[in-house]
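# Structural overview
The lines below spell out each chain.
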Amino acid sequence: MLAFLGRRLIAAMIVMVAFSFVVFFLVQLPPGDFADVWAASRAAQGDTVTPDEVENIREAFGLNRPFVVQYADWMFSLLQGDLGFSFEFQKPVAHVLAERLPLTLAISFAALVIIYLVGVPLGIYSAVRQHKMVDYSATFIGYFGLATPNFLLALILVYLAQRWFGLSAGGIFSPEYLGQPWSWGKFWDMLSHLVIPVLVLGSAGTAAQVRTMRATMLDELSKPYVRAALATGKSPWQVILKYPTRVAIIPIVSTLGWELTLVISGAPIVGIVLSLPDMGPVFLQSLIGQDMALAGVILLIYYLLVVIGTLISDLLLFWLDPRIRMGVESK
Amino acid sequence: MTAAADLSRRQLAWRAFRSNRLAFLSLCLLVLLVFVSLFAEFFAPYTPQERNRAYTDGAPMGITFTNADGGLSLAPMVIARVTERDPDTLRRVTVADPGARWPIAFFARGESYSWFGLFESDIHFFGVGDGGYLHLFGTDRLGRDIFSRTLYAFRTSLSIGLASVVAAFVLGITVGGIAGYLGGIVDAAIMRVIEFLQSIPTLPLWLTVAAAVPREWTALQIYLVMTLILAMIGWTTLARRVRSRIIAMHSDEHVLAARLGGNRPVRVFRKHMLPAFTGYLIVDLTLAFSTIVLAETALSFLGLGLREPVVSLGVLMLPAQSIAAIILTPWYLIPGFFVVIVVLLLNFIGDGVRDAADPSSY
């Protein structure tokens, strides 16, 4: 078990290093560097900037060193907790993110919980009651869930929430609670504002899980061992939940890492559309302003979440699937 | 009906596809949509940049078959609009005038256009006569007709999707083919890279790449770069599919025979392996196509993809980013439903092809 964990951890570290390399490459991608940006902003204020001054800045910040050296330097300061300075917000990156990261985490996690809590039971139910009402409606909704872009769904829900429920969608608080101290009312208000982002973020994933669960479950249900178990006279649902479900759920667990990737991939856009105070809008703003120090760190955080998710799904699989456990332990 | 034995594989597959009603209907609908958007200049009543200053941010106008006096008529009409001053705020407002109708004319004259520079005309499929206007999906802030713009945008979105899918296809087949055919270290290395790419959250990554595109580039340059970026999103699944099929077929007798016959690897691949899994590839292609259309819409919607004056479905929805805009002018969202429709149709077609390509279904 420990050896397995160790190997997985090492693999995760290697992937993370590869990720950081890609991110740093992207951070460096836009033409021009900080010295050019600085010169442009000075020029915009009416100052004259000599090429020598630009060169001095470049020297002072080490911008003329080779790519690999700059990368090592960047990684080193990241590991020391220095995330850099955001030009766009005129604050250290760590300050910009500290207030926003928790919300991103909460929404992504809630979406994942919804995906599995709704997707798996619905998939099982559709498979058991194949060609019945619930099955057809789940399939139908599933097609739409996969075909609707997240942001469009968010916009539609915002519109409906406003029209029918009078909810002030967008942001996480209603205007009357802004700047108020915490209270039950405010907490409740916040929860009601988080329903839409979580639903939107979870929709495509839920649809995919229902599809996978239904397909694998249908495969399992037709196997002889299920019939044998049913023949013992146990109640059908007991049999279904105890035997085929355990087998059918394995592909679901093993793709948990991917699912997390999808959720993280969709998170920024939902945050932007619903103007949540999470990392999404900051990410977009940093990209549009080509503030790559901030964008790079955000990208790195997204990737870190994915790597952690994959690690968790590996461990879950180890616990769930005896074949993997045996395979590892017999080595 | 001819016996199954007399038909070629392709005819059998086509027959199986035809018998799947949903898939066949989807294909017909998609062909129709593509046809209409291909001739967008003709089918759209307005050109994409034409502005109607009397009806800015106007709501969609419905078609009616009732006369002003309540009688039914066979010819379609729209209820006329009049512009007047609001008695309280003195702002100009446009309201429906139930007492008047603008009849819809077919093959009406409007703004002149040129279809890909091939021929010029000013005849549109439909329109209303002088003095009137017709905006089926409403207008945007500048008074441009959203229906017409949607037709043009549909064409752009599909064309960039198609270009990206072709690029992804070439890339996927080449890389997957090399990995599968050569095997060994090359295969292992390529597969690690693909797994790495697939584990990356794609949207943030390509957003970052798109943000790095210089602002002063022309629309055409951005279009080409976007094609490449979108192709990068779709090629990995194709490469994996090609590779796994080739490995599965490596030891097949017909492949061995082709190799012993002295064919070069590229020919063996193209003539003796590729035809055997074209069906699966088409399925993957339709799926990749729909992912790419969704990605393009998302990128453009965020302002990091295509930009005005190019109109794509995502570009059209760009003004719908603010919540106030959605509440006041919900018709900005209409182009989004075309994205949903295209993706749905592609999924249905993909499912149909999958079944049709499976020999056990004949």
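As the structure is a computational prediction, the values presented were derived from the model and not from experiment.

### Considerations on the overall build of chain A
Scanning chain A from N- to C-terminus turns up 17 helices and two strands. Projecting the C-alpha coordinates of chain A onto the three principal axes gives extents of approximately 90 × 60 × 35 Å. Expressed as a percentage of its 331 residues, the buried residues of chain A come to 32%. Considering only residue pairs separated by 6 or more positions, chain A has 71% of its internal contacts joining residues 24 or more positions apart.

### Regarding the interface of chain A and chain B
Taken together, the contacts link 37 residues of chain A with 32 residues of chain B. For the side of chain A that touches chain B, the secondary structure elements donating two or more residues are α1 (2-28), α7 (133-147), α8 (150-165), α14 (256-273), α15 (279-288) and α16 (292-320) of chain A. Within the side of chain A that touches chain B, the residues separate by chemical class into 28 nonpolar, nine polar and no charged.

### Digging into the nonpolar core
One finds A:Ala154, A:Ile298, B:Trp206, B:Leu207, B:Ala298 and B:Leu302 to be the most contacted residues of the largest nonpolar core, which totals 142 residues. Sort the elements by how many residues they give to this core and helix α4 (residues 146-182) of chain B lands first, with 14 residues. In this structure, B:Met61, B:Met77, B:Trp102 and B:Val128 belong to the second largest nonpolar core, which totals seven residues.

### Let's talk about unusual backbone geometry
The phi angle at B:Asp57 is positive, at roughly 50°, despite the residue not being glycine. Checked against the element boundaries, B:Asp57 lands in the loop between α3 (40-43) and β1 (63-66).

### Observations concerning the packing of α4(B) against helix α13 (residues 334-357) of chain B
Residue and element names in this part refer to chain B. Their axes nearest at 10 Å, the elements α4 and α13 cross at an angle of 35°. Viewed along their axes, α4 and α13 form a crossing whose handedness is right-handed. Counted together, Ile146, Thr150, Ala153 and Phe154 of α4 and Ile334, Pro335 and Phe338 of α13 form the full contact between these two elements. For the contact of α4 with α13, the class distribution of residues is six nonpolar, one polar and no charged.

### Some remarks on the environment of B:Val95
Residue and element names in this part refer to chain B. Tracing the backbone shows Val95 in strand β3 (residues 92-115). By the C-beta count within 10 Å, which is 10 here, Val95 ends up exposed. With 248 residues separating them in the primary sequence, Val95 and Val343 have C-alpha atoms 37 Å apart. Setting aside its immediate chain neighbours within four residues, Val95 contacts Arg81, Val82 and Glu84.

### Here we look at α1(A)
All names here are of chain A. Taking 1.5 Å of rise per residue, the 27 residues of α1 would be expected to cover 39 Å, and the 39 Å separating its terminal C-alpha atoms lies within 8% of that figure. Within α1 the residues assigned to the buried category are Phe19, Val23, Phe24 and Val27. On the buried face of α1, the contacting elements are α4 (67-79) and α16.

### Considerations on the sheet that holds β3(B)
All names here are of chain B. Strand order in the open sheet formed by four strands is β1-β2-β3-β4, with antiparallel pairing between adjacent strands. Looking at the sheet topology across the chains shown, the edges are occupied by β1 and β4 (119-128). Sheet twist, expressed as the average angle between the axes of neighbouring strands with direction ignored, equals 50°. Note: strand β2 (residues 72-85) against β3, nine bridges, orientation antiparallel. By the bridge assignment for β3, Met77 is matched with Pro103.

Conventions used here
- Residues numbered from 1 in each chain as written.
- Chains lettered and ligands numbered in written order.
- Predicted model: local features only at pLDDT ≥ 70, side-chain atom pairs only at ≥ 80, totals over all residues.
- Helix = DSSP H or I, 4+ residues; strand = E, 2+ residues; numbered from the N terminus.
- Buried ≥ 20, exposed ≤ 12 C-beta atoms within 10 Å, placed from the backbone.
- Contact = placed C-beta atoms within 7 Å.
- Nonpolar A, V, L, I, M, F, W, Y, C, P; charged D, E, K, R; others polar.
- Core = buried A, V, L, I, M, F, W, Y, C linked by C-beta atoms within 7 Å.
- Axes fitted to C-alpha atoms, helices over the stretch in contact; angles between N-to-C directions.
- Left-handed = near helix turned anticlockwise from the far one by under 90°.
- Expected span 1.5 Å × (residues − 1).
- Pairing = 2+ DSSP bridges.

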